Amino acid sequence: MTEVKTSLADVRAAYRLVWAYQKRALDTVRLVQELFRGVSFKAWRSNLGNGTPASHVTPFGRDDADFLPIYGTSFLFAKPSVSPGHPLKAIGCSKSASLPMTG
């Protein structure tokens, strides 16, 4: 039983660490958005994995990175007049922030 308790404590600690990283990453992106006056959020995407699967899709056999959507993420900011559906090339991508993967 002690081994199970230790494992569960390790899992809780790991989740807290991931939560803290994601909070810091999103706080940093908010700061970037504030610094780029005159632009607004348009899109984000994970540069890693295929994205978190829908609730009805089995998670087994997928890349582990699919469950870390904030890790290695790009955010796109553009003038309010630009539609989020426009391709990156059309926007000019002058205002983007990318969260690097660090180890």
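J.: How should the side chain of Asp-66 be read in this particular structure?
T.: For Asp-66, the position within the fold is in the loop between β1 (40-46) and β2 (73-78). Residue contacts for Asp-66: discarding those within four places in its chain leaves Gly-49, Asn-50, Gly-51 and Thr-52.

J.: What am I meant to see in the environment of Ala-43 here?
T.: Within the secondary structure layout, Ala-43 lies in strand β1. Ala-43 sits in the partly exposed class, given a relative accessible area of 27%. Sequence separation of Ala-43 and Ser-74 is 31 residues, and the distance between their C-alpha atoms is 8.4 Å. If we skip the residues at most four places from it in the chain, Ala-43 touches Ser-74, Phe-75 and Leu-76.

J.: Would you mind going over the pattern of salt bridges with me for this structure?
T.: Think of it this way: side chains of opposite charge can pair up when their charged atoms draw near. Tallied over the entire structure, the rule returns three salt bridges. The partner of Asp-27 in a salt bridge is Arg-30, and the shortest N-O contact between them spans 2.6 Å. A residue pair is termed a helical-turn pair when its members lie 3 or 4 positions apart in one helix, as Asp-27 and Arg-30 do in helix α1 (residues 2-35) at three residues. With a relative accessible area of 33%, Asp-27 lands in the partly exposed category. Where Arg-62 meets Asp-66, a salt bridge forms, and the shortest distance between an N and an O atom there is 3.2 Å. According to the relative accessible area criterion, Arg-62 is partly exposed, its value standing at 27%. One network of salt bridges, in which partners are shared, links Lys-23, Asp-27 and Arg-30.

The rules we used
- What you see as residue numbers is a count from 1 along each chain, following the sequence as written.
- Local features in this predicted model are restricted to residues whose pLDDT is 70 or higher, and side-chain atom pairs enter the listing and the counts only when it is 80 or higher, whereas totals over whole chains, interfaces and linings include all residues.
- Here the side-chain values reflect all heavy atoms present in the structure, with hydrogen atoms and water set aside.
- We count a stretch as a helix when DSSP gives it H or I for four or more residues in a row; a strand needs E for two or more, and each element gets its number in order from the N terminus.
- Contacts are assigned to residue pairs that have any heavy atoms within 4.5 Å of one another.
- Burial classes: relative accessible area under 20% of the type maximum marks a residue as buried, over 50% as exposed, and values in between as partly exposed (1.4 Å probe, protein chains only).
- The rule for a salt bridge is simple: a side-chain nitrogen of Lys or Arg has to be within 4 Å of a carboxyl oxygen of Asp or Glu.

Interpretation in functional terms is not warranted from these geometric data alone.
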